[in-house]
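# An overview of the molecular structure
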Amino acid sequence: LAKHPEIKALMKPDYNLIWVVVLMVLAQLTAFYLVKDLDWKWVVFWAYVFGSCISHSMTLAIHEISHNSAFGNSKAMWNRWFGIFANLPLGLPYSISFKRYHMDHHRYLGGDGIDVDIPTNFEGWFFCTRFRKFIWIVLQPFFYAIRPLCINPKPITRLEIINLLAQLSFDVVIYYLWGVKSTFYMLAGSVLGLGLHPISGHFIAEHYMFLKGHETYSYYGPLNLLTFNVGYHNEHHDFPNIPGKSLPLVKKIAAEYYDNLPQYNSWIKVLYDFVMDDTISPYSRMKRQLKGEVKQ
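Residues numbered from 1 in each chain as written. Predicted model: local features only at pLDDT ≥ 70, side-chain atom pairs only at ≥ 80, totals over all residues. Heavy atoms only, no water.

The protein carries the name Sphingolipid delta(4)-desaturase DES1 in an unreviewed UniProt entry, which gives Mesembrinibis cayennensis as its organism. Check the Function (unreviewed entry) section of the UniProt entry for the protein; it says "Has sphingolipid-delta-4-desaturase activity. Converts D-erythro-sphinganine to D-erythro-sphingosine (E-sphing-4-enine). Catalyzes the equilibrium isomerization of retinols." Turning to the protein, the UniProt annotation filed under Subunit (unreviewed entry) states: "Interacts with RLBP1; the interaction increases synthesis of chromophore-precursors by DEGS1." (UniProt positions renumbered as here; feature names shortened; annotations may be inferred.)

Shown next, in the form of structure tokens:
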């Protein structure tokens, strides 16, 4: 910032995010209606080909909202309510809990017992062969759901209860209106999209040390168009209050800081290399023993 103070001008909400999220919710509602009378094989097909992409993209929209990128820091609660709305087509309550844990990830990156993005010791010990690592990728949604309960359980808040009740009510309405196939499409799309899916490469690309000494990596490939530029991950951790839309400008302005860092251009290759490289496993993360006061 001392060298490039113009970056401060990028620290403002991205109001376009609001309309993109609304359109994504409407797109999924349309899909729920269209699949209700299809054969099961086509329900599964569209859940993976279309629904999974929208669902994973929506989780990254919720990531943006968790940083108050939709309405700005001055309207924090607006962002929380909007996150609950964006959560609806995922079928599972996610937004409020994600916000609570994700802020710890930024404040205490790699902090043992705090950052729940770090795999558990069991994951590192068990998923150590090629086949088991493949299964671990398939089961990513499961591990991201239960890991916080194992590593850093937190008391349930009022907003989390509201998130849960709103989600259950939405799911019941979808089942009542359009039946089991639409409900299956909604839930399967979320599970498939966060498991063995090209976009899921970002889970591993972001912080797994394929190169010793480098714990955060950016990805500059085309899937950033579907993921609100989450691939610009070094840039995001440097400036978490800059919306994803503006992160390419951060890289352009401060190119001397980012261009020579190790980087990816394919999340599919990241997934392949993670499975096939016997030196990489869920253990391939930087873990820190935190000192001093920890404020979660």
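### Here's the deal with the UniProt feature "transmembrane region" (unreviewed entry) in the protein
When the UniProt feature table is mapped onto this chain, "transmembrane region" (unreviewed entry) is found at residues 17-35, 42-61 and 81-98. Structurally, residues 42-61 is divided into 100% helix and 0% strand, and its ends, taken at the C-alpha atoms, are 27 Å apart. Strand forms 0% of residues 81-98 and helix 61%; the C-alpha atoms that close the span are 14 Å apart. (Helix = DSSP H or I, 4+ residues; strand = E, 2+ residues; numbered from the N terminus.)

### Some details on the packing of helix α2 (residues 40-66) against helix α3 (residues 76-87)
Between α2 and α3, the shortest axis-to-axis distance is 9 Å and the interhelical angle comes to 175°. The orientation of α2 with respect to α3, classified from their angle, is roughly antiparallel. Note on element contacts: α3 touches α2 through Asn79, Arg80, Phe82, Gly83, Ala86 and Asn87, opposite Met58, Ile62, Ile65 and Ser66. (Axes fitted to C-alpha atoms, helices over the stretch in contact; angles between N-to-C directions. Parallel < 35°, antiparallel > 145°, perpendicular 65-115°, else oblique. Contact = heavy atoms within 4.5 Å.)

### Concerning the packing of aromatic side chains
Across all of its chains, the model carries 24 aromatic pairs by this definition. When the centroid spacing of 5.3 Å and the interplanar angle of 25° are considered together, the rings of tyrosine 94 and phenylalanine 98 count as stacked. Centre to centre, the rings of tryptophan 136 and tyrosine 208 are 6.1 Å apart; their planes meet at 75°, and the pair counts as edge-to-face. Separated by 72 residues along the polypeptide, tryptophan 136 in helix α6 (residues 130-138) and tyrosine 208 in the loop between α10 (201-207) and β1 (218-219) bring together distant segments of the chain. On the accessibility criterion, tryptophan 136 (0% relative accessible area) is buried. Ring pairs connect the aromatic residues Phe122, Trp125, Phe126, Phe127, Phe142 and Phe143, which therefore count as one cluster. Stacked on the ring of phenylalanine 126, the Lys or Arg arginine 132 has its end atom at 4.3 Å from the ring centre. (Phe/Tyr/Trp six-rings, centres within 6.5 Å; stacked < 30°, edge-to-face > 60°. Buried < 20%, exposed > 50% of the residue type's maximum accessible area, 1.4 Å probe, protein only. Lys NZ or Arg CZ within 6 Å of the ring centre and 35° of its normal.)

### Examining the UniProt feature "domain: Fatty acid desaturase" (unreviewed entry) in the protein
Feature annotation in UniProt places "domain: Fatty acid desaturase" (unreviewed entry) on residues 41-263, given in this structure's numbering. Between the C-alpha atoms that bound residues 41-263 there is a distance of 38 Å. The span itself is 61% helix and 1% strand.

### Considering the nonpolar core
Membership of the largest hydrophobic core comes to 37 residues, with the highest contact counts inside it found for Val21, Met58, Trp136, Ile204 and Phe274. Elements with a minimum of two residues in this core: α1 (16-35), α2, α3, α6, α10 and α14 (267-276). Sort the elements by how many residues they give to this core and α2 lands first, with six residues. Once residues within four sequence positions are removed from consideration, isoleucine 204 is found in contact with Trp136, Ile137, Gln140, Phe210, Val270, Leu271 and Phe274. Counting eleven residues, the second-largest nonpolar core is a separate cluster that includes Val43, Ala47, Leu88 and Ala188. (Core = buried A, V, L, I, M, F, W, Y, C linked by side-chain atoms within 4.5 Å.)

### Remarks on the packing of helix α8 (residues 158-178) against helix α9 (residues 180-193)
At their nearest, the axes of α8 and α9 sit 7 Å apart, and the two run at 140° to each other. On the basis of their axis angle, the class for α8 and α9 is oblique. Along the contact surface, α8 presents Phe170, Asp171, Ile174, Tyr175 and Trp178, while α9 presents Val180, Ser182, Thr183 and Met186. Counted by class, the contact of α8 with α9 contains six nonpolar, two polar and one charged residues. (Nonpolar A, V, L, I, M, F, W, Y, C, P; charged D, E, K, R; others polar.)

### Examining the pattern of salt bridges
Side chains carrying opposite charge are able to pair once their charged atoms draw close together. Under the defined criterion, the tally for this structure stands at 13 salt bridges. Glutamate 123 is the partner of arginine 147 in a salt bridge, and the nearest nitrogen-oxygen pair spans 2.7 Å. Residue arginine 147 is located in helix α7 (residues 140-151), and its partner glutamate 123 is located in helix α5 (residues 121-126); the two are separated by 24 residues in the primary sequence. Under the relative-accessibility criterion, arginine 147 is labelled buried at 1%. Here the salt bridges share partners, and the residues they tie into one network are Asp104, Arg107 and Lys154. (Salt bridge = Lys/Arg side-chain N within 4 Å of Asp/Glu carboxyl O.)

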